[in-house]
Amino acid sequence: MNSFRLITTSSPWLILACLAAGALYAWLLYSKRTPWPKALNYLLAAVRFVVVSLLCFLLLGPLVRYFKNTTVKPTIVFALDNSQSVRLFSDSVQLQQTAQQLQQMRERLEAKGYTTEVQTLNPTQPPASITAVPYTSETTNLSELLQGVQNTYAEQNLAGVVLLSDGIVNQGLSPTYAHYNYPVYPVAVGDTVPKQDVLVASLRYNKVNYSGNRFPLEVELQHEGFGGRQATVLLRENGRTIASKTILLQPKQAIQQVPFQVLASGLGKRHYEVQVQPLAGEFTTLNNTKHAYIDVVKGKIKILVAAAAPHPDIKALRAAIETNENYETELYIPGLTPLKQEDYDVAVLHQLPGRVAGGEAVLNLVRQKNLPVLYILGPQSDLRDYNALGAGLRISSSGQTDQVVAAVNPNFTAYTMPEGTAERLAGYPPAQVPFGTYTLAPNTEVILYQQVGRVKTNKPLLTIQTAGDKRNATLLASGTWQWRLQENATYQNAQVYNKLITNLVQLLSAPRNKKRLNVYPVQTEYTSSDEIRFNAEVYNQALEPIYGQNITLKVTGEKDNTRSFTFANGENQTGVTVGTLPGGRYTYTASATVNGQLQQDKGEFIVEELQLEALNAVADHNLLYQLASNTGSRLYFPQQLPQLQQDILTSNHKAIIYSQEELTDLVDMKWLFFLLLGFISAEWFVRKYNGSY
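Residues numbered from 1 in each chain as written. Predicted model: local features only at pLDDT ≥ 70, side-chain atom pairs only at ≥ 80, totals over all residues. Heavy atoms only, no water.

A word on the packing of aromatic side chains. Considering all chains together, one arrives at 13 aromatic pairs under this definition. A centroid spacing of 5.0 Å and a plane angle of 75° characterise the contact between phenylalanine 534 and tyrosine 588, whose relative ring orientation is edge-to-face. Within this pair, whereas phenylalanine 534 is found in strand S26 (residues 532-539), its partner tyrosine 588 is found in strand S31 (residues 584-594), the two being separated by 54 residues in sequence. Judged by its relative accessible area of 0%, phenylalanine 534 falls in the buried class. When the centroid spacing of 5.6 Å and the interplanar angle of 75° are considered together, the rings of phenylalanine 534 and phenylalanine 605 count as edge-to-face. Taken as a pair, phenylalanine 534 in strand S26 and phenylalanine 605 in strand S32 (residues 597-608) lie far apart in primary sequence, 71 residues in all. Here a set of aromatic residues connected by ring pairs shows up, and it is made of Tyr526, Phe534, Tyr586, Tyr588 and Phe605. Note that arginine 424 overlies the ring of tyrosine 491, its terminal NZ or CZ placed 4.0 Å from the centroid. (Phe/Tyr/Trp six-rings, centres within 6.5 Å; stacked < 30°, edge-to-face > 60°. Helix = DSSP H or I, 4+ residues; strand = E, 2+ residues; numbered from the N terminus. Buried < 20%, exposed > 50% of the residue type's maximum accessible area, 1.4 Å probe, protein only. Lys NZ or Arg CZ within 6 Å of the ring centre and 35° of its normal.)

Below is the structure:
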């Protein structure tokens, strides 16, 4: 119910003055003899009286207080666990009947004054009817489902949630550990009786392995009711069996390990399939297979760490680099360690070139092999020799130094800094840098700026060349070992320092991309439930980005089934979504005609088959019972749905009335302006029509 009141900030007696002013004005204007009838004269006087009185009243600043009442009915949400396990391991007839009864319950509750909604594990696609829900979700996260309901209906008089589920959870936290401010009425489906089954529970392996090496792949086999029987486990690659093992299933050991040693041959993505051959009497064979996806890479990336003299920075740098298991370092200090002639990928030169002789050998090696370099400057650095290297930064200094801290450049996008980087950098001890003038080359970007006290300057602290044939980085501070030590002491880890160094090494070691067409998946690994998206970049001959090019993308699976897509790249929409794909290894090729020349790109990616829903065929009704107890409810079974409806109705949930008050100046109301304008216009027209002004 809505209502309003008219209030004034002045004395109500002034309203009489407004009326008197209107009456006086009307008398002065219409008390004389007029050429129109007396009745019309009284009408015109009344109009003038109303207009003048209202205008005087508006000068008092009256306000309108408006009350708006909204009635919110109690809401019951039907939350459905539409996962594959419900469909696979529940009686199909009973499940269909339960869905129909829940839909009928929904309609009866709406007839009794309730508002009802339907939510599933896929919140972006709410179904119109409970009976129309397909049970196809590849994962079950009941905690996310119930928390989402609580967040969505927090202000909508949520009376309770009817949860249809088998209690099997394979993603997120258990919902029994969360607190919900509404009662949950679980409806239990599925079977709690263990089934006779043998399955591949999990696989353990390293996702990245080196070519030519053997890596372990351990299979975790689980069985129920097959003690004393033999089972054969097969390992396949691209459909070809490369190894097999036969084991005896121990009666008192439900889980057993089956190890394999696999040779990582070639380079790129590899798809392995592990299968335990079906046994007679198995309840289901859906969980007899699991897939492993690995990336075979060449040997470790070798980083040469060379220094003019021993320094604490060296240990900090090597420790940070070697947090990445794909990196290994080799140390060279003139006069202390030999310089090994190996195929290095990156060099880190600490205070080299220096003022003291001894670093010529490593500088010659860097020039001969054209290695990308991270230069770290310090008191022993020879800035004149450094400037001659063309590392993207030129320094003019009189030999003075400054104490600065690091500040992130928000415009640097070559890689992403860890969360909380700015906060951690602000806590680093000040570092010593050369004081002077800095000149950046056009192909150089700033990663970190110098900050003096609370003042962020535009002077670089860490730079990198990101274009052209060379790729070098420069850190203008020595003594950064204190950064790592301070961060580790404060946060029990040195995540930001480690990522700063390893990201630099990764960027320096990456091959220069001179392709004019670059098409790539946003991720290198997806799951079978993920939307797969490709981004695209097109460059002209000067390697400047251009847009509006038509690109053809072909995605091919392991069974040579190919899907084609055509799209145009743009500044805001640079890619295409190809939807979801079944598990496996995929290759792709992209082509576009740029300035009359055909440009191509190719690559590969992995889609991992989850298969989580087929692992557990035993319903967990105990979880549903605990969830109901925690929220002051009870557990229901399909045959108890009439009792559930009765319990909801007898809970006597009430509608909530929300009142909203608005205070508005009367003079701001447009309808009043047009009303007064209409009165004045009508009065003027009548007077003129009858021969007066």
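A few words on the side chain of arginine 424. Residue placement: arginine 424 occurs in helix H9 (residues 421-426). Residue classification places arginine 424 among the buried positions, given a relative accessible area of 12%.

Another point: the pattern of salt bridges. Scanning the model with the defined rule gives 12 salt bridges in all. Here lysine 269 and aspartate 295 are joined by a salt bridge, their closest N and O atoms 3.5 Å apart. Of the two residues, lysine 269 is situated in strand S13 (residues 268-276) and aspartate 295 in strand S14 (residues 289-297); the sequence distance between them amounts to 26 residues. We classify lysine 269 as buried; its relative accessible area is 9%. One salt bridge in this structure joins arginine 585 and glutamate 604, with 2.9 Å as the shortest N-O distance. Placement of arginine 585 in strand S31 and of glutamate 604 in strand S32 is noted, with a sequence separation of 19 residues between them. When its relative accessible area of 25% is taken as the criterion, arginine 585 is described as partly exposed. Among the charged side chains, a salt-bridge network with shared partners connects Arg204, Glu218 and Glu220. (Salt bridge = Lys/Arg side-chain N within 4 Å of Asp/Glu carboxyl O.)

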